[in-house]
Protein chains: 4
Amino acid sequence: MSWQTQIDVEFQHCDPAGIVFYPRYFEMINSVIERYFHDHLSYDFATMHFVDKNGVPTVKIDAEFRAPSRLGDRLTFDLAVERVGNSSLELLIRASCDAQPRMTVRSTLVRIDLGSGNSAPWPKPLADKLRQT
Amino acid sequence: MSWQTQIDVEFQHCDPAGIVFYPRYFEMINSVIERYFHDHLSYDFATMHFVDKNGVPTVKIDAEFRAPSRLGDRLTFDLAVERVGNSSLELLIRASCDAQPRMTVRSTLVRIDLGSGNSAPWPKPLADKLRQT
Amino acid sequence: MSWQTQIDVEFQHCDPAGIVFYPRYFEMINSVIERYFHDHLSYDFATMHFVDKNGVPTVKIDAEFRAPSRLGDRLTFDLAVERVGNSSLELLIRASCDAQPRMTVRSTLVRIDLGSGNSAPWPKPLADKLRQT
Amino acid sequence: MSWQTQIDVEFQHCDPAGIVFYPRYFEMINSVIERYFHDHLSYDFATMHFVDKNGVPTVKIDAEFRAPSRLGDRLTFDLAVERVGNSSLELLIRASCDAQPRMTVRSTLVRIDLGSGNSAPWPKPLADKLRQT
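Heads up: these notes are all about the structure in this document. Residue numbering note: each chain is counted from 1, following its sequence as written. Numbering of ligands from 1 and lettering of chains from A proceed in the order in which they are written. Given that this is a predicted model, residues contribute local features only at a pLDDT of at least 70 and side-chain atom pairs are listed and counted only at 80 or more, while totals for whole chains, interfaces and linings are drawn from all residues. The basis for every side-chain value is the complete set of heavy atoms in the structure, and neither hydrogens nor water enter the calculation.

## Brief notes about the environment of Tyr-25 of chain B
Residue and element names in this part refer to chain B. Labels follow the DSSP assignment, with helices taken as runs of H or I lasting at least four residues and strands as runs of E lasting at least two, numbered in each case from the N terminus. Mapped onto the elements, Tyr-25 comes out in helix H1 (residues 22-39). Only protein chains enter the accessibility calculation, which uses a 1.4 Å probe. A residue is then buried if its area is under 20% of the maximum for its type, exposed if over 50%, and partly exposed in between. Classification of Tyr-25 by relative accessible area gives buried; the value is 3%. Placed 38 residues apart in sequence, Tyr-25 and Ala-63 show a C-alpha to C-alpha distance of 9.8 Å. Only heavy atoms enter the contact rule, under which two residues are in contact if any of them lie within 4.5 Å. For Tyr-25, the residues in contact, after removing those within four places along its chain, are Val-20, Phe-65, Ala-67, Ser-69, Leu-75, Arg-102 and Met-103. The definition of a polar contact used here is a pair of N or O atoms within 3.5 Å, where within protein one atom must be able to donate a hydrogen and the other to accept one, and adjacent residues in sequence count solely through side-chain atom pairs. Polar contacts involving the side chain of Tyr-25 include one to the side chain of Ser-69, which spans 2.7 Å.

Put into structure tokens, the structure is as follows:
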């Protein structure tokens with residue numbers, strides 16, 4: 001099972017070669033994860049950061065860029081949960097356009113307490129929802 | 001052997017958690033590679049893109065974030081050439097602050113012809129200089 | 001008459017003070033104009049730049065930030081055409097959240113030929129549609 | 001009198017038209033002001049935000065873009081203090097390349113207390129240094 005969302009490639013994402021500047025892909029990845037937390041987990045980043053004082057920094061990310069994306073492309077991002085650890089989360093995110101693979105990302109996040117900087121275990125309801133993706 | 005440059009963490013790089021937003025690290029990595037081409041290879045990106053009509057898109061990048069970086073940190077980026085292929089280039093880039101490791105990135109670039117999109121072999125003088133890093 | 005679209009304030013837009021970093025507002029403004037061209041004028045930026053070889057650089061922009069925007073805010077952008085010149089376009093764009101004004105921007109774009117860099121008059125059908133906003 | 005710093009136009013700043021994407025200019029402006037506070041006022045943004053819990057949000061900014069800037073251009077930013085108010089600061093910042101004007105920005109910042117969001121008067125030593133620019 002997986003969860004999907006879409007992002008259009010806009011002018012701001014593109015470099016002088018006319019294709020997506022790859023750091024912008026990581027902004028898109030961050031946006032995809034944020035939407036996933038909001039839409040699928042019903043847990044928005046504002047509540048997470050400013051009410052619960054938690055964060056989910058990325059500790060590891062591996063990306064392969066299969067084919068360039070261009071201005072006007074509508075990218076479909078497919079997010080799958082690979083593993084839910086005690087306080088970590090491993091995601092597989094694939095972007096495609098008209099079924100052509102563009103990018104594959106494996107990302108590991110860790111839930112932390114923003115005050116102490118220490119890792120913070122996922123509450124059971126959140127861990128359960130993560131496992132249902 | 002390796003090549004080094006420094007980047008200060010500025011307000012624009014930081015997120016609401018007060019640390020470097022990781023897509024901004026990739027902008028820094030791009031800047032480091034651009035400076036390396038300019039300073040070490042004497043080959044600037046303007047000439048590469050607009051005169052020679054070549055590009056060096058990233059096809060693969062793996063990053064580990066060891067410790068967060070904060071506003072005001074001076075980051076030292078250490079770039080080592082791991083492998084020079086026919087038209088590819090594998091780099092190991094490590095960022096640190098006061099000798100504390102912050103990030104390790106392994107990046108593979110491919111030299112391409114911007115017109116055709118095809119890979120383009122490194123000219124021998126450039127390949128030689130790359131191997132001398 | 002005016003035209004509207006919405007943008008959610010995401011993590012990537014916010015600074016260490018927890019509010020929208022104002023250069024990100026200008027990325028939003030660019031996105032709003034791009035959507036307006038696509039949705040209202042049926043003229044997408046990819047066609048404009050890569051087929052017609054035209055651009056619409058901003059030559060003047062004045063912005064007032066009335067109140068800060070925060071992570072999770074849904075911003076409504078209201079775009080009104082103030083004046084359609086021979087090759088210029090003056091826009092008034094206002095962002096609000098729940099009817100509270102956040103930002104007012106007056107922007108002047110000029111249509112140019114990307115080859116020569118010279119200004120290029122709006123084709124009549126486009127000028128007519130611009131005047132109908 | 002004025003204060004100067006330089007920023008090189010890098011790949012990350014440029015758009016598909018091969019020129020600086022104007023929201024990136026505002027990131028440069030922010031960087032210029034941050035360096036000015038650090039170098040001229042001896043007051044760094046990390047201390048300001050995280051120790052003193054103050055911020056200097058931009059409340060008004062007017063920009064004119066005189067000529068496009070391209071990859072590889074070295075921009076000189078000239079910062080002049082126009083007016084030091086009780087808690088406000090009006091700056092005139094001009095960017096040029098080889099004496100050719102590229103951009104003129106008039107910016108108004110307000111010093112605020114990050115806790116209350118209220119404006120906070122400049123301490124006299126800081127106001128005096130601002131007036132000496």
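## What about the pattern of salt bridges?
Pairing is possible between side chains that carry opposite charge, provided their charged atoms lie close to one another. Counted as salt bridges are all cases of a side-chain nitrogen of Lys or Arg within 4 Å of a carboxyl oxygen of Asp or Glu. Here the structure, examined in full by the defined rule, presents 46 salt bridges over all chains. The salt bridge involving Glu-10 of chain A is made with Arg-35 of chain C; its shortest N-O contact spans 3.9 Å. Here Arg-35 of chain C lies in helix H1 (residues 22-39) and Glu-10 of chain A lies in the loop between strand E1 (3-8) and helix H1 (22-39), a pairing that spans two chains. For Glu-10 of chain A, a relative accessible area of 12% puts it in the buried group. Of the charged contacts, one joins Asp-78 of chain A and Arg-94 of chain A as a salt bridge, the two residues approaching to 4.0 Å between their closest N and O atoms.

## Describing the interface of chain C and chain D
Contacts between chain C and chain D engage 19 residues on the former and 19 residues on the latter. What counts as buried area is the accessible surface, traced by a 1.4 Å probe, that two parts surrender upon association, with contributions from both included. Here chain C and chain D share an interface that buries about 1,900 Å² over both sides, 66% of which is from carbon and sulfur atoms. Per-residue buried area on chain C facing chain D is highest for Tyr-22, Ile-61 and Phe-65 of chain C; these three make up 26% of the total on that side. Our count for the chain C to chain D interface comes out at 0 salt bridges. If you look at where chain C meets chain D, you find 4 residue pairs in polar contact (both at pLDDT 80 or more). Residue assignment for the side of chain C that touches chain D shows that the elements contributing at least two residues are H1 and strand E3 (58-65) of chain C.

## Overview of helix H3 (residues 124-131) of chain A
Think of an α-helix as turning once every 3.6 residues; residues three or four places apart then point the same way. Residues and elements named next belong to chain A. The set of residues buried in H3 consists of Leu-126, Ala-127 and Leu-130. One face of H3 carries all of its buried residues, which in axial projection span an arc of 100°. Away from its buried face, by an angle of more than 90 degrees, H3 presents the exposed residues Lys-124, Pro-125 and Arg-131. Looking at the buried residues of H3, the elements they touch are H1, strand E4 (74-84) and strand E5 (88-97). Taking the helix axis as origin, the arc is that swept by the directions to the C-beta atoms.

## Re the side chain of Arg-24 of chain C
Looking at the secondary structure, you find Arg-24 of chain C in helix H1. With relative accessibility at 2%, the residue Arg-24 of chain C sits in the buried group. At a separation of 3.0 Å, a polar atom in the side chain of Arg-24 of chain C contacts the main-chain carbonyl oxygen of Gln-12 of chain C. Ignoring any residue separated from it by four or fewer positions in sequence, one finds Arg-24 of chain C in contact with Arg-24 and Glu-27 of chain A, Arg-24 of chain B together with Gln-12 and His-13 of chain C.

## Let's talk about the sheet that holds strand E6 (residues 100-110) of chain C
For two strands to be treated as a pair, DSSP must find at least two bridges joining them. The strand order across the open sheet built from 10 strands is E1(C)-E4(C)-E5(C)-E6(C)-E3(C)-E3(D)-E6(D)-E5(D)-E4(D)-E1(D), with neighbouring strands paired in antiparallel fashion. Edge positions in the sheet fall to strand E1 (3-8) of chain C together with strand E1 (3-8) of chain D, since each of these pairs with one other strand and no more. Going across the sheet, the axis of each strand differs from the next one's by a mean of 20°, ignoring polarity. Sheet topology places E3 of chain C next to strand E3 (residues 58-65) of chain D; 5 bridges connect them, and they run antiparallel. Its bridge partner being in E3 of chain D, Glu-64 of chain C is matched across the sheet by Lys-60 of chain D. Orientation is described by lines fitted to C-alpha atoms, with helices fitted over the stretch in contact, and by angles between N-to-C directions that extend from 0 to 180 degrees. This element, H1 of chain C, spans E1, E3, strand E4 (74-84), strand E5 (88-97) and E6 of chain C together with E3 of chain D of the sheet and lies at about 135° to E1 of chain C. Taken strand by strand, helix H1 (residues 22-39) of chain D contacts E3 of chain C together with E1, E3, strand E4 (74-84), strand E5 (88-97) and strand E6 (100-110) of chain D, and its axis lies near 135° from that of E1 of chain D.

## Considerations on the relation of the copies chain C and chain D
Both copies of the chain are related through a single rotation about an axis accompanied by a shift along the same axis. Of the transformation superimposing chain C on chain D, the axial component is 0.0 Å and the angular component is 180°, with the fit at an RMSD of 0.0 Å. Given the turn and translation reported, the copies of this chain are related as if by a two-fold rotation axis. Within chain C, Asp-62 of chain C has its C-alpha nearest the rotation axis, a separation of 2.1 Å. The overlap is high: 100% of the interface residues of chain C also sit at the interface in chain D, so the same surface is used on both sides. Alignment of the copies relies on least squares applied to C-alpha atoms, considering only residues that score at least 70 for pLDDT in both.

## Remarks on the nonpolar core
In terms of nonpolar packing, the biggest core is built from 172 residues, with Phe-37 of chain A, Phe-37 of chain B, Phe-37 of chain C together with Phe-37 of chain D touching the most fellow members. For Phe-37 of chain B, the residues in contact, after removing those within four places along its chain, are Ser-42, Tyr-43, Phe-45, Met-48, Val-56, Leu-89 and Trp-122 of chain B. Nonpolar cores were defined as sets of buried Ala, Val, Leu, Ile, Met, Phe, Trp, Tyr and Cys residues, with membership established by side-chain atoms within 4.5 Å.

## Section: unusual backbone geometry
Unusually for a residue other than glycine, Lys-53 of chain A sits at a positive phi of about 55°. For Lys-53 of chain A, the location among the structural elements is in the loop between helix H2 (45-51) and strand E2 (54-55).

## Considerations on the environment of Arg-102 of chain D
Residues and elements named next belong to chain D. Residue placement: Arg-102 occurs in strand E6. The class of Arg-102 is buried, set by a relative accessible area of 7%. Along the sequence, Arg-102 and Ile-112 sit 10 residues apart, while their C-alpha atoms lie 31 Å from each other. Within the structure, Arg-102 has its side chain in polar contact with the side chain of Gln-100 (distance 2.8 Å).

## Here's the deal with the side chain of Ser-31 of chain D
Counting through the fold element by element, Ser-31 of chain D comes out in helix H1. Overall, the relative accessible area of 3% leaves Ser-31 of chain D in the buried class. Non-local contacts of Ser-31 of chain D, meaning those with residues more than four positions away in its chain, are made with Glu-10 and Gln-12 of chain B together with Ile-7 of chain D.

## Considering the interface of chain B and chain A
In this assembly, 19 residues from chain B lie in contact with 19 residues from chain A. Between chain B and chain A the total buried area reaches about 1,900 Å² when both faces are included, carbon and sulfur atoms providing 65% of it. Remark: the boundary between chain B and chain A carries 0 salt bridges. Taken together, the connections running from chain B to chain A amount to 4 residue pairs in polar contact (both at pLDDT 80 or more). Taken together, the elements giving at least two residues each to the side of chain B that touches chain A come down to H1 and strand E3 (58-65) of chain B. By residue number, the principal contributor to the side of chain B that touches chain A is E3 of chain B, which donates 8 residues. A class-by-class count of the residues in the side of chain B that touches chain A yields 13 nonpolar, 2 polar and 4 charged. Only Asp, Glu, Lys and Arg are considered charged, only Ala, Val, Leu, Ile, Met, Phe, Trp, Tyr, Cys and Pro nonpolar, and every remaining residue, Gly among them, polar.

## Here we look at the relation of the copies chain B and chain A
Superposing chain B onto chain A requires a rotation of 180° together with a translation of 0.0 Å along the rotation axis, leaving an RMSD of 0.0 Å. Looking at chain B, 100% of its interface residues are interface residues in chain A too, so the copies touch through the same face.

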